[in-house]
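Each chain, written out:
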Amino acid sequence: MMRTFEYREDRFPKGVNMEHIETATTPDIPSIPLTDSVSIPQIGFGVFQISASTTQQAVEQALEIGYRHIDTAAAYYNERGVGDALRATGMADKVFVTSKLRNCDQGYDAARVAFDTTLANLGLDHLDLYLIHWPFPAVNQYVETWKALLELQQEGVIRAAGVSNFLPEHLRRLIDETGKAPAIDQLEVHPSFSQPETLRFCKDHGIAVEAYSPLGHGSDMQAEPIRQAAEAHRVTPAQVVLRWHVQSGRVIIPKSTHAERMRQNLDVFGFELTAEEMRGISALHDPANRVGADPATFVQSQSWANQKSRGNIPD
Ligand code: NDP
């Protein structure tokens, strides 16, 4: 039986510590439409670089605090921990779950197999959102991979199909060769690296944008316009950065392993940045400030050994 998405209707499910939830500062998180029938909660909890053994605990804590959207990936090697948390809390049908296809699984046939593995790892019968993790242009298989995702969507086992790290040249090819634009592009976006050309392309083609590394790994928090806005609104610099994303209409998936920060990162709906503050923060963009890899040249396989050797899988 298919799950129904009940994000707004049932925020206080059984089996979760009510006292904790009632003190959480997360009234209603807006959703962004992805398709005619699918919306994504604007703030999610990212689990990159959370170890397999601690993921269940971190996700359970995030759910308790009020997150209803989890972002994982086959390449994080912690999908099972996410699935265990969904089962332990009884909240599988109330949480929006995203996962992503690894580079070494690109190609039509491999993508179909990889998707089945992801579903089995998560213990779900369908996924809310499935993304191609990187365009991986060196192997030039992303159009075939995209066709597999479109087919999975047709079959009803993914509710929405999207991509991650796709630049305008990659997005244009998907649209030209299949007639179907991704519902969303998950990209590195933070104040000091905001990819204006790709954001413009997405806007022009009705593609939602989801910011990964939304805090720039903390690198932007000392910037003057952010510190000033934090002081003016009596919030933290992280909240200013996340509010800047929210007011720009982006989905965000901040990651923290600290409960207080998880809570803080959801609590960005009680203040509003002025147009001048928004402009000052946006002006921090500098193409040299990327904290992740460049999609045009990223050629890692994302196999377990490869991720481990690159320090992306903590013990
Ligand atoms: P973030 O910008 O979310 O930064 C995370 C870092 O900021 C952690 O060190 C965390 O520390 C710290 N932090 C979190 N909240 C606060 C706060 N309120 N105040 C101060 N510091 C804070 O970067 P990530 O790269 O982790 O990205 C988030 C998510 O994006 C990932 O988990 C993943 O889901 C996704 N992602 C996707 C990629 C892709 O290629 N599609 C690539 C990279 C990430 P601590 O944990 O100690 O609190």
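To be clear, the structure that these remarks concern was listed above.
Summarised in this report is the structure supplied together with it.

Calculation criteria
- In every chain, residue numbers begin from 1 and rise along the written sequence.
- Only residues with pLDDT of at least 70 get local features here, since the model is predicted, and only at 80 or more are side-chain atom pairs given and counted; chain-wide, interface and lining totals rely on the full set of residues.
- Only heavy atoms go into the side-chain values, all of them from the structure, while hydrogens and water stay out.
- In this scheme, strands are said to pair when DSSP sees at least two bridges between them.
- Going along the chain from the N terminus, every DSSP run of H or I of four or more residues is numbered as a helix, and every run of E of two or more is numbered as a strand.
- Every residue pair with non-hydrogen atoms within 4.5 Å of one another is taken to be in contact.
- Convention adopted: a line fitted to C-alpha atoms gives each axis, helices being fitted over their contacting stretch, and angles between N-to-C directions are expressed from 0 to 180 degrees.
- Residues are labelled near a given molecule or strand when at least one of their non-hydrogen atoms is within 4 Å of it.
- Within 3.5 Å is the distance limit for a polar contact, defined as a pair of N or O atoms, with the added protein rule that one can donate a hydrogen and the other accept it, and that residues adjacent in sequence qualify only through two side-chain atoms.
- Each accessible area value is a Shrake-Rupley result obtained with a 1.4 Å probe; residue values ignore everything except the protein chains displayed when judging cover.
- Amino acids are sorted into nonpolar (Ala, Val, Leu, Ile, Met, Phe, Trp, Tyr, Cys and Pro), charged (Asp, Glu, Lys and Arg) and polar (every other residue, Gly among them).
- Relative orientations are named as follows: roughly parallel for angles under 35 degrees, roughly antiparallel for angles over 145 degrees, roughly perpendicular for angles from 65 to 115 degrees, and oblique for any other angle.
- Salt bridges are defined as contacts in which a side-chain nitrogen from Lys or Arg sits within 4 Å of a carboxyl oxygen from Asp or Glu.
- A 1.4 Å probe rolled over the protein chains alone gives each residue an accessible area, and that area as a share of the maximum for its type sets the label: buried under 20%, exposed over 50%, partly exposed in between.
- Here a crossing is taken to be left-handed if its near helix is turned anticlockwise relative to the far helix by less than a right angle, and right-handed if that turn runs clockwise.
- Multiply 1.5 Å by the residue count of a helix minus one, and that product is the helix's expected span.
- In this context, the arc is that of the directions from the helix axis out to the C-beta atoms.
- The definition of a right-handed crossover adopted here requires that, viewed with the strands pointing away, the path from the first strand over the helix to the second runs clockwise.
- Just so you know, the count uses Lys and Arg for positive and Asp and Glu for negative, and it drops His and the chain ends.

1. Here's the deal with the sheet that holds strand β5 (residues 96-101)
Next up, step 1: With respect to topology, eight strands assemble into an open sheet ordered β3-β4-β5-β6-β7-β8-β9-β10, the strand pairing being parallel. Where the open sheet ends on each side, the last strands, each with one partner, are β3 (45-46) and β10 (251-252).
Next up, step 2: One ladder, built from two bridges, connects β3 with strand β4 (residues 69-71); its direction is parallel. From the neighbouring strand, Phe 45 faces β4, where its bridge partner is Ile 70.
Next up, step 3: Along the sheet, helix α7 (residues 196-204) makes contact with β8 (184-188) and β9 (208-212), crossing β8 at roughly 170°.

2. Some thoughts on the site of the ligand
Next up, step 1: Around the ligand, a shell composed of 28 residues is seen, among which Asp 71, Ser 164, Leu 215, Ser 256 and Arg 261 lie nearest.
Next up, step 2: Ser 213 places a side-chain nitrogen or oxygen 2.8 Å from an oxygen atom of the ligand.
Next up, step 3: One nitrogen or oxygen atom from the side chain of Ser 256 is found 2.5 Å from an oxygen atom belonging to the ligand.
Next up, step 4: Surface burial for the ligand is 87%, taken as the share of its 910 Å² of free accessible area covered by protein chains.
Next up, step 5: At three residues, helix α10 (residues 259-266) tops the list of elements feeding residues into the shell around the ligand.
Next up, step 6: A per-class count over the shell around the ligand returns eleven nonpolar, 13 polar and four charged.

3. Considerations on the packing of helix α3 (residues 79-89) against helix α4 (residues 108-122)
Next up, step 1: For the pair α3 and α4, interaxial distance at closest approach is 7 Å and the crossing angle is 45°. In terms of orientation, α3 and α4 fall into the oblique class. Along its contact with α3, which presents Glu 79, Arg 80, Val 82, Gly 83 and Arg 87, the element α4 presents Thr 118, Asn 121 and Leu 122.
Next up, step 2: Here the contact of α3 with α4 is composed, by residue class, of two nonpolar, three polar and three charged.

4. Some points on the pattern of salt bridges
Next up, step 1: A full pass over the atoms with the stated rule returns 13 salt bridges.
Next up, step 2: With a closest N to O distance of 2.7 Å, Asp 84 and Arg 87 form a salt bridge. Here Arg 87 and Asp 84 lie together in helix α3, a separation of three residues that amounts to about one turn.
Next up, step 3: With a relative accessible area of 32%, Asp 84 lands in the partly exposed category.
Next up, step 4: On the basis of relative accessible area, Arg 87 is assigned to the partly exposed category, the value being 47%.
Next up, step 5: Among the ionic contacts, a cluster of salt bridges with common partners joins Arg 112, Glu 151 and Glu 155.

5. Observations concerning the packing of helix α2 (residues 52-65) against α10
Next up, step 1: The N-to-C vectors of α2 and α10 enclose an angle of 45°; their axes lie 10 Å apart at closest approach. The angle between α2 and α10 places the two elements in the oblique class. In the crossing of α2 with α10, the sense of the turn from one axis to the other is right-handed. Where α2 approaches α10, its residues Ala 58, Gln 61, Ala 62 and Ile 65 are matched on the opposing element by Ala 259, Met 262, Arg 263 and Leu 266.
Next up, step 2: Classifying every residue of the contact of α2 with α10 gives six nonpolar, one polar and one charged.

6. Let's talk about α4
Next up, step 1: Under the 1.5 Å per step criterion, the end-to-end length of α4 is 21 Å for 15 residues, consistent within 8% with the ideal 21 Å.
Next up, step 2: All of the buried residues in α4 are Ala 111, Ala 114, Phe 115, Thr 118, Leu 119, Asn 121 and Leu 122. Along the axis of α4, the buried residues cluster in a sector spanning 160°; they form a single face. Relative to its buried face, α4 has exposed residues pointing more than 90 degrees away, namely Asp 109, Val 113 and Ala 120.
Next up, step 3: Against α3, β5, β6 (127-132), α5 (142-154) and β7 (158-164) lie the buried residues of α4.
Next up, step 4: With its phi angle positive at about 70°, Gly 123 sits one or two positions after the end of α4.

7. A few points about the pairing of β6
Next up, step 1: Among the six residues in β6, six count as buried, and that is most of the element.
Next up, step 2: Taken together, the four bridges between β5 and β6 define a ladder with parallel strand orientation. Bridging from a neighbouring strand, Ser 99 pairs with Tyr 130 of β6.
Next up, step 3: Each parallel crossover has a hand, and the one from β5 via α4 to β6 is right-handed.
Next up, step 4: For β6 and β7, the ladder comprises five bridges, and the chain directions are parallel. Residue pairing for β7: Leu 131 is matched across the bridge by Gly 162.

8. A look at the side chain of Glu 210
Next up, step 1: You can see Glu 210 is positioned in strand β9.
Next up, step 2: It is Lys 100 that comes nearest to the buried, bridge-free Glu 210 among opposite-charge side chains, at 7.2 Å.
Next up, step 3: Filtering out sequence-adjacent residues up to four positions away, Glu 210 remains in contact with Ile 40, His 69, Asp 71, Leu 129, Leu 131, Ile 184, Asp 185, Gln 186, Leu 187, Val 251 and Ile 253.

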